[in-house]
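# A structural walkthrough
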Amino acid sequence: MRRKMTINELNILNLLQSNTKATYSEIEPLMKIENHDKYWTTFSTICSLIQSGVMVSDNKYPSTYSLTPYGRVKAKEVI
């Protein structure tokens, strides 16, 4: 199990802590390119945060993302 968050995950947490909600187009410019293109890096980071219970998305287009109660606690812990 990984204990540290990536730079991209921390960037999203910072954004969601200050804005409470964000869209993909607000998240994408914050991403640092890793091994893939910007789309894949953004998508996989968002999926990772959703899967770990830190973030949730709504079921509409375009999706908005927000922190879960666990995510708010985790953000205070790591930031």
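Remember, it's a predicted structure, so these values are computed and weren't measured experimentally.

## As for helix α1 (residues 7-19)
- Taking 1.5 Å of rise per residue, the 13 residues of α1 would be expected to cover 18 Å, and the 18 Å separating its terminal C-alpha atoms lies within 8% of that figure.
- Where α1 is concerned, the buried positions are N8, E9, N11, I12, L13, L15 and L16.
- Elements in contact with the buried residues of α1: β1 (21-23), α2 (24-27), α3 (38-51), β2 (55-57), β3 (64-67) and α4 (69-78).

## What to know about the packing of α1 against α4
- Contact geometry for α1 and α4: axes closest at 10 Å, N-to-C directions at 115°. Here α1 lies roughly perpendicular to α4, going by the angle between them. For α1 against α4, the interelement crossing comes out left-handed. Contacts from L10, L13 and Q17 in α1 reach G71, A75, K76 and V78 in α4.
- Along the lines of polarity and charge, the residues of the contact of α1 with α4 split into 4 nonpolar, 2 polar and 1 charged.

## A word on unusual backbone geometry
- Going from Y61 to P62, the amide bond is cis rather than trans, its omega being -10°.
- With respect to the helices, strands and loops of the structure, P62 is situated in the loop between β2 and β3.
- Positive phi is not limited to glycine here, since T20 has a value of about 65°.
- Within the secondary structure, T20 is located in the loop between α1 and β1.
- The class for T20 is exposed, based on a relative accessible area of 55%.

## Comments concerning the nonpolar core
- Counting residues in each nonpolar core, the largest one holds 14 residues, and the members touching the most others are I12, L16, I27, I46, M55 and L67.
- Elements supplying a minimum of two residues to this core: α1, α3 and β3.
- A per-element tally of this core places α1 first, with 4 residues.
- The residues touching L67, leaving out its near neighbours within four places in the chain, are L13, L16, Q17, T20, V54, M55, R72 and A75.

Calculation notes
- Residues numbered from 1 in each chain as written.
- Predicted model: local features only at pLDDT ≥ 70, side-chain atom pairs only at ≥ 80, totals over all residues.
- Heavy atoms only, no water.
- Helix = DSSP H or I, 4+ residues; strand = E, 2+ residues; numbered from the N terminus.
- Expected span 1.5 Å × (residues − 1).
- Buried < 20%, exposed > 50% of the residue type's maximum accessible area, 1.4 Å probe, protein only.
- Contact = heavy atoms within 4.5 Å.
- Axes fitted to C-alpha atoms, helices over the stretch in contact; angles between N-to-C directions.
- Parallel < 35°, antiparallel > 145°, perpendicular 65-115°, else oblique.
- Left-handed = near helix turned anticlockwise from the far one by under 90°.
- Nonpolar A, V, L, I, M, F, W, Y, C, P; charged D, E, K, R; others polar.
- Core = buried A, V, L, I, M, F, W, Y, C linked by side-chain atoms within 4.5 Å.

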